[in-house]
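Structural features, examined
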Amino acid sequence: QVQLVESGGGLVQAGGSLRLSCAASGRIFSEYTMAWFRQAPGKEREFVAAISGSGSITHYGDSVKGRFTISRDNAKNTVNLQMNSLKPEDTAVYYCAGSRLFRVAPGAYVYWGQGTQVTVSS
């Protein structure tokens, strides 16, 4: 069982930066692909970024490539999302998720955090 708790969301102006963190419980954190998804009101949950268990492989959604960076620290059981050059369309609830598979589909992820709100003002 893995429990995930996100933090770091908030209100930021367009062009600004935020850093999200996800703290995970469990002794086998390094065996899991970790990912960030987001969901805006009235929209489907969208893949943002994923990182393999070792941290050697990352993958990003097209809308955030070049602006967001995912990283992990397996010694601390944390995964982070550095978000730069934020746009109003980045406004959403951001979720941390874990899976034994390296996938972009939300259905592949079995562990989810409660979400953290990110609001980008224009």
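First things first, this report covers the structure right here in the doc.

It is characteristic of soluble globular proteins that their nonpolar side chains tend to be buried jointly. Membership of the largest hydrophobic core comes to 29 residues, with the highest contact counts inside it found for Trp36, Leu81, Met83 and Tyr94. Ranked by the residues each element gives to this core, the list is headed by strand S3 (residues 18-24), at 4 residues. With near-sequence residues (within four places) excluded, leucine 81 lies in contact with Leu18, Arg19, Leu20, Trp36, Val48, Ala49, Phe68, Thr69, Ile70 and Tyr94. Among the nonpolar cores identified, the runner-up in size contains 7 residues, and Ala35, Phe47, Ala50 and Tyr109 belong to it.

Okay, the pattern of salt bridges next. All told, the structure shown has 5 salt bridges when counted by the stated rule. Taking the shortest distance from any N to any O, the salt bridge between arginine 38 and aspartate 90 comes out at 2.8 Å. Of this pair, arginine 38 sits in strand S4 (residues 33-39) while aspartate 90 is found in the loop between strand S8 (78-83) and strand S9 (92-99), placing the two residues 52 residues apart along the sequence. Both residues of the pair, arginine 38 and aspartate 90, count as buried. Across the salt bridge formed by arginine 67 and aspartate 90, the nearest N and O atoms sit 2.8 Å from each other. Taken together, the residues arginine 67 in the loop between strand S6 (58-60) and strand S7 (68-73) and aspartate 90 in the loop between S8 and S9 connect sequence positions 23 residues apart. A relative accessible area of 11% places arginine 67 in the buried class.

Rules used throughout
Residues numbered from 1 in each chain as written. Predicted model: local features only at pLDDT ≥ 70, side-chain atom pairs only at ≥ 80, totals over all residues. Heavy atoms only, no water. Core = buried A, V, L, I, M, F, W, Y, C linked by side-chain atoms within 4.5 Å. Buried < 20%, exposed > 50% of the residue type's maximum accessible area, 1.4 Å probe, protein only. Helix = DSSP H or I, 4+ residues; strand = E, 2+ residues; numbered from the N terminus. Contact = heavy atoms within 4.5 Å. Salt bridge = Lys/Arg side-chain N within 4 Å of Asp/Glu carboxyl O.

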